[in-house]
Amino acid sequence: MTDQSHTRFSVALNVNGVKRKTEVRSADILLDVLRNNFGLTGAKPGCLNGDCGSCTVLVNGWPIKSCMMLAVAASNTNIVTVEGLKGSATQRAFIEKNAFQCGYCTPGFIMNIEGLSAIHPDADDSIIEEWLQSNICRCTSYEEIKAAVYKVLGKKPEAGR
Amino acid sequence: MIGFDFEYYRPATSNEAVKLYESLQAQGKRPVYYAGGTEIVTFARLNQIETGAVIDINSIRECRVYQFNTSELVIGATVTLTHLAETSAFPLLSVTGGRVADHTARNQITIGGNICGEINYKEALLPFLLAESNVIIAGNNGYQDKPIMEAFNKRLQLEPGECLVQILTDRKYLNLPYFSVKKRKIDVIDYPLLTLTALKIDNTIRVAFSGLCGYPFRSREIETILNNHELSREERIEQTVLHLPAPVLDDWIGSAEYRLFVLKNTLEDMYLALEGESL
Amino acid sequence: MESIGRSVIRKDAVAKVTGAAKYTADLKTVGSLYAKLVTSPYGHARILSIDTSAAEKVNGVHKILTGKDTNILTGEEIKDRPILATDRVRYHGEPVAVVIADTLAIAKQAANLVNVSYSPLPVIRSPKEAYQQGVPLVHEHLGDYEKIAEVFPKPGTNICNHTKIRKGSMEIGWAKSTVVVETEVSFPPSDHCAMETRSVSAEILPNGQVIIHSSSQVPFTIKKMLSSIFGLNQGKITVHTPLVGGAYGGKSAIQLEFIAYLASSAIGGQKVQLINSREEDFITSPVHLGLDAKVKLGCDAEGYLQAAEITLLFDGGAYSDKAVDMSRAAATDCTGPYQVENLWCDSFCMYTNHPYATSFRGFGHPESTFAVERAIERLAEKLGMDPIEFRWKNAIRPGQTTPTQVILNESRIGNVRRCIERVRELINWEEGRRIEITPERIRAKGVSCFWKNSNIDTNAGSGAILKFNEDGTVHLNCGVIEIGTGSRTVLAQIAAQKLGIDVDQIYVEMDIDTSSTPEHYKTVASRGLWMAGRAVLAAAEDAIGQLLNVAAQVFRVSLDDLDIGKGFVFLKDNPARKLALKELVYGYVYPNGNAIGSQVIGRGSYTLRGMTFLDPKTGKGVPGPDWTVGAQAVEVEWNKRDYTYKILRAVTVIDAGTIINPKLAQGQVKGAMHMGLSFASREGFIFGPNEVVETTQFRTYKVLRYGENPDYTVDFVVTPSRETAYGLRGIGEHALIGMPAALANSLSTAAEVHLNRLPLTPELIWRMKTGGVR
Ligand SMILES: Cc1cc2nc3c(=O)[nH]c(=O)nc-3n(C[C@H](O)[C@H](O)[C@H](O)COP(=O)(O)OP(=O)(O)OC[C@H]3O[C@@H](n4cnc5c(N)ncnc54)[C@H](O)[C@@H]3O)c2cc1C
Ligand code: FES
Ligand code: FES
């Protein structure tokens, strides 16, 4: 991070395993820098208010809403976006379980689940719910997403009530 | 997209942070401390705050600690709510802080930010009010150590430039019987219609509220009523309603009447949880 | 190689899980400028002055447009809406000015400096209030507006459309009725909440060509509207629509496109992007309409419906847009799928000072169904009949007539009774409707039926092209937008089935370009597969004709000696004599080099037949080709002490005709049920003073989250349509329709109180039950 006027910086962000240099305003949010400076448009703006989760990326392994983080504050972290996944179990499960329709919320959900499966590989229903309630999907019924998470975590679908 | 520019600093010590604040303030930049940034960034997009400089306090070592000293649990101001929820040294805090916003947001929201922010629910504050913790505040003249019950009145009373560094909680309060409930309008993710936390110390119950009035509070007067065993539980609850310190919120989450209905139910639940069936 | 009935993986799947999928705002180009709106902070106010001088001084600002620069009225049915407000604003969030600048940050900064001074005016708060005599008029010059013939506004009032349905004789109907109930229902406007906010860009090339990118369900309508409003030749306009991040009807309105076009033309044609913030998407762009309704129903002692009198007052908001159409659509199906001889319905679309409404999944039906199904529930209760039995008894059947007097046959109506029977089993109705599990916890069930026809233009249609590659693979080109439904994949299945090739051999691009893509009317009304399916079939038949023609020459046989399948054209009586498609698709080459035939391009198109306008006096007419019907149930667990509840189960049985792709069909139905439950349980704008919307973020406007959903059960009854490709029926919207009523019925049963308002929050139930006393 080199400091020019304190309102603009030349930063090197570690994105998907590659150090990428770019110019940012201090006021730029990470989401905009990923999308506009690096062309990584997988993370989506849904509300820019921390409410919907469609902008979720991993920062040091944890899901973070990139609309609420300044890009300058993300230097010296490891950032992973959906573009950084290469045929992950979550991606495959989403296809198999029809866990999306319009697909707009999908990268956010997938990144959240990537974080979840790494940090809590044995997550029970209450942990899964706690994590996934951070994201909104307006198309599916969430049952499809649940089936996908179960598949990723190797859990058996519970029998009906 | 934030429509205005500001400067960004990331000091390594609280002393540096305070100095920076002073000089930026002198330049008319209206600086703010940046912790999780969730409120600053979302408010800035809507021009609800305008600032010429942010001072990121995440590199300040003492703000990041989470450890025990001889008699206290020390929590740094930039520890995230997720971190607090995933460690169970202070279960009441883990549970109460673990219901603020949503999980991903809590990966960013800090305990200091929750307490010092503009959004007036500050749910993660309540356990500290009950445990009568102390706050360490960095300012021009070095550190101050104050009881939170004095430092917090509607909001944490900070002078311009002061920065919350740590919160110290006596070990003896950490594992007492507690009650913590967040009632929402209907959703699992929402601001509180009512958050009620209680801690039982010997035979006395301490209670703190958020979402009920315009600010979070713990009231000695209400505790006296709630612990008055001369009265039936019902009477104590009725009395409580009459002694709230401020008007009950009446907004899109719920009407004042409904909040009071929820309050009464929740107080009953609290008694049941902490004292069992009434005799 | 059967393609029909298989859960083929969506063609857009890989793009969507890898982040490669592109939506409108993802298309970045260098040199684009950015626009930012200045919007009204009032529900109704006079604009006294607009001062842009400070904003103009900001470095990087190119232009600021206000209503003065854009004095044009727009609207699909009634031209009542200025592109930017001129002398007054009629709803909170209405665009007042637009700033065009080098970056979005600059545009925002400048927009903040535009100083508009307002003088607030009295507001109309509900359609009921709008209907009163002597209240302020939202549009004083209603009579002067240009409009199409099929809407009936009443100048001098706030009525922007009035649809009348008159069938049978009310006198006879009431005389035959031994039991009569009256019900009033009401709910506020709400929102579609597509996760992708509405986004557009506009650019005008030096040769005058206009290029629009829009996140839209109606790119072809955008072309036509730009053409008619700005007097442009349609050939000069190209609208691109890439993948759309959810729509649900909300992206069938045209609004930002006009602003972006004007912005670009004001600065010499440079590209301008305009993307809604979530707050703008909630209120500035059109919303889901609200309703105040009154239903009076009568039945005889045996429980047969004899009379219905229905008054619907829709909250169309400040401008008419598609709400006028929805109010008509609701009227045409106002009884629900029940036989009612004697019917009187007045459906009004009312102007109010609320954000204006446009199409919402179900197009007027979820709203009117809530009203009618609540009344039916009460009627059954008053009569003392099981509500499922009551519905089954009255379910409409072939040979009977609809509210607009269409005589039904099986293809048109499917099998309502079978759906009801199956729902009854699946929800385990026998077990009981209201069960006290503990003194505090009560489990209860509620049901509803639904039906819906389309009510789109009488000449709506669709086109498709199948273009072959030399290796026999095929590109399917059609105008149905991929808004999430998977329709383009299902259309590929239809083409594959007809052409007798594997669906993997068919390629479908996801973006639409109105200059090269055959037109599909609008991706609305669950008519995508219905109409485009026919067009694709026709295109496949056309291609097959061309292939067989060449093969007939090669084999020296007649056309009817040949058949096509498994990638070959072969002789019916000797399938071993065959030619691979790749030997035919670019013409056949004989060993000596002679060629016959040429590149095969299949083309097909389709237009609805037999639709009519409604008779203005009686509503008689044919509003669409068929109805999709079904029955639904919801089971809740309600807590008597704190009034909270959990939705345990939701069931839909829908007569979907032939299912082309079971997994996608299930997904559509479940998604629609889910949206219906979200709407009914928690959505709806909350208004403050001067009808300012207080809930313009997901922080305050609540939608269902993961884990709050019940278990969903979906089952299909199959009555194939005789008119469509392989007998399919439209299903995209329908499973939303009965959900609000089923939820309200279950909660009303649980709490033993009539819940006729939405959203069904615990506080509402508490209030209805206790009168709000603590
Ligand atoms: C999606 C969402 C949902 C929310 N829901 C809830 C909820 O249910 N309940 C609830 O209680 N809150 C809720 N909030 C509020 C949330 O808790 C605040 O955003 C949060 O408190 C801010 O924490 P932060 O660490 O991100 O602070 P920042 O945004 O970094 O700072 C917030 C303010 O506090 C000041 N500040 C921060 N740290 C210090 C310090 N150490 N010393 C002095 N000043 C400091 C900053 O200068 C700034 O003014 C929600 C927020 C979001 C984004
Ligand atoms: S865009 Fe970040 S949470 Fe919605
Ligand atoms: S798939 Fe459309 S929002 Fe989730």
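Residues numbered from 1 in each chain as written. Chains lettered and ligands numbered in written order. Predicted model: local features only at pLDDT ≥ 70, side-chain atom pairs only at ≥ 80, totals over all residues. Heavy atoms only, no water.

Asks: Quick one: what's the story with the sheet that holds strand E22 (residues 506–508) of chain C, residue by residue and with numbers?
Replies: All names here are of chain C. In space, the 4 strands of this open sheet follow the order E22-E21-E20-E29, with mixed pairing throughout. The sheet is open, and its two borders are formed by E22 and strand E29 (601–607), each paired with just one other strand. The mean angle between the axes of side-by-side strands here comes to 20°, regardless of whether they run parallel or antiparallel. Two elements, strand E20 (residues 461–468) and strand E21 (residues 474–478), share 5 bridges in a ladder whose sense is antiparallel. (Pairing = 2+ DSSP bridges. Helix = DSSP H or I, 4+ residues; strand = E, 2+ residues; numbered from the N terminus. Axes fitted to C-alpha atoms, helices over the stretch in contact; angles between N-to-C directions.)

Asks: Just give me the short version of the domain arrangement of chain A, but keep the residues and values in it.
Replies: How big an interface is tends to be reported as the loss of accessible area on association of its parts. Residue and element names in this part refer to chain A. Here chain A is described as being made up of domain 1 (9–82) and domain 2 (89–153). Here the C-alpha centre of domain 2 lies 21 Å away from the C-alpha centre of domain 1. In this assembly, 18 residues from domain 1 lie in contact with 14 residues from domain 2. The tally of links between domain 1 and domain 2 comes to 0 salt bridges. In this assembly, domain 1 and domain 2 are joined by 4 residue pairs in polar contact (both at pLDDT 80 or more). When residues of the side of domain 1 that touches domain 2 are traced back to their parent elements, those giving at least two are strand E4 (56–59) and strand E5 (62–65). Looking at the side of domain 1 that touches domain 2, its residues break down into 8 nonpolar, 7 polar and 3 charged. (Domains from an automatic or database assignment. Contact = heavy atoms within 4.5 Å. Salt bridge = Lys/Arg side-chain N within 4 Å of Asp/Glu carboxyl O. Polar contact = N/O pair within 3.5 Å; in protein donor to acceptor, adjacent residues only side chain to side chain. Nonpolar A, V, L, I, M, F, W, Y, C, P; charged D, E, K, R; others polar.)

Asks: Please provide a residue-by-residue account of the pairing of strand E2 (residues 8–15) of chain A, values included.
Replies: Residue and element names in this part refer to chain A. Counting buried residues along E2, 7 of its 8 residues qualify, which places the element largely inside the surrounding structure. Pairing between E2 and strand E3 (residues 18–25): 8 bridges, direction antiparallel. Bridge pairing links Asn14 to Lys19 in E3. As paired strands, E2 and strand E6 (residues 78–80) are joined by 2 bridges and run parallel to one another. In the sheet register, Val15 faces E6, and the bridge partner there is Ile79. (Buried < 20%, exposed > 50% of the residue type's maximum accessible area, 1.4 Å probe, protein only.)

Asks: Lay out the side chain of Glu373 of chain C in plain terms, naming residues and giving numbers.
Replies: Residue and element names in this part refer to chain C. Within the secondary structure, Glu373 is located in helix H10 (residues 365–383). Using a relative accessible area of 1% as the deciding quantity, one classes Glu373 as buried. Not counting residues up to four positions away in its chain, the partners in contact with Glu373 are Tyr338, Arg391, Val447, Ser448, Cys449, Ala741 and Asn745.

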